[in-house]
Amino acid sequence: MMMRMVLQRLGIGIATLFVVSVIVFVITSILPGDVADIILGQSATPETLAALRAELGMDQPWYIRYFSWLGNLASGDLGISKAGGASISSLIDSRIWNTLIMAGMVSLISIPISIVLGLWAAMHPGTRLDRIVTFGTLSTISVPEFFIATIMVLIFAVKLKWLPATLYLTGNENWSELLKAMAMPMITLVIVVSAQMIRMTRAGILNVMSSPYIEMAILKGVPRKRIILRHALYNAIGPIVNVIALNLAYLVSGVVIVETIFSYPGLAKLMIDGVQTRDLPLVQACAMIFCAVYVILILLADIASILSNPRLRHPK
Amino acid sequence: MSEVIKNEDEILAKLDAFAELPDAPPKRKLKLSWVGKLASLVVIFWLVIVAIGPSISPHHEMDMDGDDSFMVAHDNEYGSFYLGTDHLGRDTLSRVLYGARNTIGIALLATLLAYSMGITLGILAAVKGGWIDMIISRINDAILALPSIMLGLIVIAALGSSVPILIGLAGVIYATSVFRIARALAQDIMVQDFVEAAHARGERIWWIIKSEVLPNAIMPLATDFGLRLVFVVLFISSLSFLGLGIQPPASDWGSMVRENLAGLSGGIDLDGNTVTSYAAIWPALAIASFTIAINLIVDDISAKSGGSLAKKMI
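For every chain, the first residue of the written sequence is number 1, and numbering continues from 1 along that sequence. For naming, the first written chain is A and the first written ligand is 1, with later ones following in the order written. Only residues with pLDDT of 70 or above have their local features reported here, since the model is predicted, and side-chain atom pairs are shown and tallied only from 80 upward, although totals for entire chains, interfaces and linings are computed over all residues. Only hydrogens and water are removed before side-chain values are computed, so all heavy atoms of the structure are retained for them.

(A) Summary view of the overall build of chain A. A tally of helices and strands in chain A yields 13 helices and zero strands. Reading chain A from its N terminus to its C terminus gives the helix and strand order α-α-α-α-α-α-α-α-α-α-α-α-α. Exposed residues in this analysis have more than 50% of their type's maximum accessible area, buried residues have under 20%, and partly exposed residues fall in between, with area computed by a 1.4 Å probe over protein chains only. Residues counted as buried form 46% of the 316 residues belonging to chain A. When checking whether two residues touch, look at their non-hydrogen atoms; a contact exists if any pair is within 4.5 Å. Sequence separation of at least 24 residues holds for 72% of the intrachain contacts in chain A that already meet a minimum separation of 6. For chain A, the exposed surface amounts to about 15600 Å²; the carbon and sulfur share of it is 67%. Here a strand is any run of E in DSSP of at least two residues, a helix any run of H or I of at least four, and the numbering for each starts at the N terminus. All accessibility values rest on the Shrake-Rupley procedure with a 1.4 Å probe; residue burial counts only the protein chains present in the view.

Below is the structure:
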């Protein structure tokens, strides 16, 4: 039963990936912004346009172009970047590890912080420290990521002069230099992602706290600490795991801003450069990677909540 | 004449009697804590600036009247620069005041568009059901499966960026969540007894939507409006910050932060010394004050609703 539910979710996930690839392709290929037009720019004549379209395979019907694009994508051939003519796979290969390292370190730091702080706030609701945590996290999630980043630059780079405001990685740094260079973007992302996770952990626990069996425990006089750690936490694990996966998905949009402001040489920076120069093949490839990661993380969140909740495992 | 008035009195008396019944619904009053009141003042302040900003600002948003770029507050023959100048020597205060119209104004338009699309399609899907519901819901799910910033980036890569594209883009992206809420609400309302009674009376579907569904769905949707507006402001200002939103030289808070980042370590004071220029901080604070204030109001309203034993005990 459980296996079937998980397989069903996997099926939905693959279907979603397929739909996402269609959307990405349709938006970047069918809409009036024509690649041939952009390449030729002002020097376009009807003849050169037609010739270039034929060369790019753009005179084919869209579904044929879509399937050849999808086939190339699946076999790792991401095409040629318009700017400079380098192969997109090599461009991405040099950048994607930077982004993955950053995302991994941010998750390692932010997940424990968020769970501890969220639990702690839920254990002492209404106290001054809980209010500070609630207000702080609410403020953090209401402001744009670049606001946090700007304040970080102001404090750590300009006022305290501890860390560099922008970083230039040469690839030859040792670990401590690398860590120092990555500190600012990492702190920013940790703050942004943790705020959301703390709020949802706290809300998840408080939500369980309002269920009848907890009321029963309160009424029979069980101490609050024991209620949370022994009764509430186990039922909140599902939602919390769910929140963690969702927030790592939220990292996807966070890295776009943070890599740009700190000129961190990651995949998102590559994609923004591609959007600015309207390098559509590059944008397509990067967008597909980000969207696939997003869909997979949401899928994991879904499966985690099925596994942790017996009621979802055995639907009536 | 006197009889009519007497009748009205009787009706009023009856209504009063109903109001005192024990199961009469409590009168809804919007009570805000002092935080909520303060936050409402901030929001009202910015909405007033949206309306009158350009007419009270000391300079035009594009006038390069300042003595130098990233200067601290100073005066010259063109007037006063209370918050200093930006990277092109323009008055920061004027650009923040003008920018309110672009940042908040465009976000408001996009949110209104999202609401009109989301509510129309949501109610349509709930009322019609069947294959119409199926198609709209599947398209909606597909758009929701993409991170909004990614969708924004690929559309802008394909179409370029202009104000109508931004409004349409944010409108479509955020219509998806409005659609889900409106559809769920309308589905709940459509199975209520009073709607079935209206069906039985032989009312037309439009009458039912207008008189039964909309009035019952409008309150929950209205509280959601604030949150949605915050998301749209964050979305559009993030795109502007990336240089892909509202295009220069128009002033807009997101792009102002980006343009003036270099000033954080490269400002100039009146004696020519290098100091910190806060030209990037002011627009950042403007966005933050607006979005935090709206979230505080929404939080305040939703904290007032509900309240169980456990909530009081813990």
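There's more to say after this.
(B) Molecular detail of the packing of aromatic side chains. Residue and element names in this part refer to chain A. In this scheme Phe, Tyr and Trp rings, the latter by its six-membered ring, pair at centre separations within 6.5 Å, and the angle between planes marks the pair as stacked below 30 degrees, edge-to-face above 60, and tilted otherwise. Considering all chains together, one arrives at nine aromatic pairs over all chains under this definition. Relative to Y66, the ring of F18 has its centre 6.2 Å away and its plane inclined at 75 degrees; by these criteria the two rings are edge-to-face. Remark: Y66 occurs in helix α4 (residues 62–74) and F18 occurs in helix α1 (residues 2–29); sequence separation between them is 48 residues. The class for F18 is partly exposed, based on a relative accessible area of 42%. Residue classification places Y66 among the buried positions, given a relative accessible area of 2%.

(C) Representation of the packing of α1 of chain A against α4 of chain A in the model. Residues and elements named next belong to chain A. Where α1 meets α4, the closest approach of the two axes is 11 Å, and the angle between their N-to-C directions is 120 degrees. The angle between the axes of α1 and α4 places the two elements in the oblique class. Taken as a pair, α1 and α4 cross one another with a handedness that is right-handed. When α1 is examined against α4, the residues F18, S21, V22, V24, F25 and S29 are found in contact with a partner set consisting of W62, R65, Y66, W69 and L70. Each residue belonging to the contact of α1 with α4 can be placed in one class, and the counts come to eight nonpolar, two polar and one charged. Interaxial angles span 0 to 180 degrees and are taken between N-to-C directions of axes, which are lines fitted to C-alpha atoms, for helices over the stretch in contact. In these notes the angle categories are as follows: under 35 degrees is roughly parallel, over 145 is roughly antiparallel, 65 to 115 is roughly perpendicular, and the rest is oblique. In a left-handed crossing the near helix is turned counterclockwise from the far helix by less than a right angle, and in a right-handed crossing that turn is clockwise. Gly is placed with the polar residues, together with every amino acid not listed as nonpolar (Ala, Val, Leu, Ile, Met, Phe, Trp, Tyr, Cys and Pro) or charged (Asp, Glu, Lys and Arg).

(D) Region of the structure containing the interface of chain B and chain A. Listed per partner, the contact involves 47 residues of chain B and 53 residues of chain A. Buried area: the accessible surface (1.4 Å probe) lost by two parts on joining, summed over both. Buried surface at the junction of chain B and chain A, both sides included, amounts to about 4100 Å², of which 82% is carbon and sulfur. Think of a salt bridge as a Lys or Arg side-chain nitrogen and an Asp or Glu carboxyl oxygen that are within 4 Å of each other. Scanning the region where chain B abuts chain A turns up zero salt bridges. The definition of a polar contact used here is a pair of N or O atoms within 3.5 Å, where within protein one atom must be able to donate a hydrogen and the other to accept one, and adjacent residues in sequence count solely through side-chain atom pairs. Summed over the shared surface of chain B and chain A, the result is three residue pairs in polar contact (both at pLDDT 80 or more). Elements supplying a minimum of two residues to the side of chain B that touches chain A: α4 (130–144), α5 (148–159), α8 (205–241), α9 (253–259), α10 (281–304) and α11 (309–313) of chain B. A per-class count over the side of chain B that touches chain A returns 36 nonpolar, nine polar and two charged.

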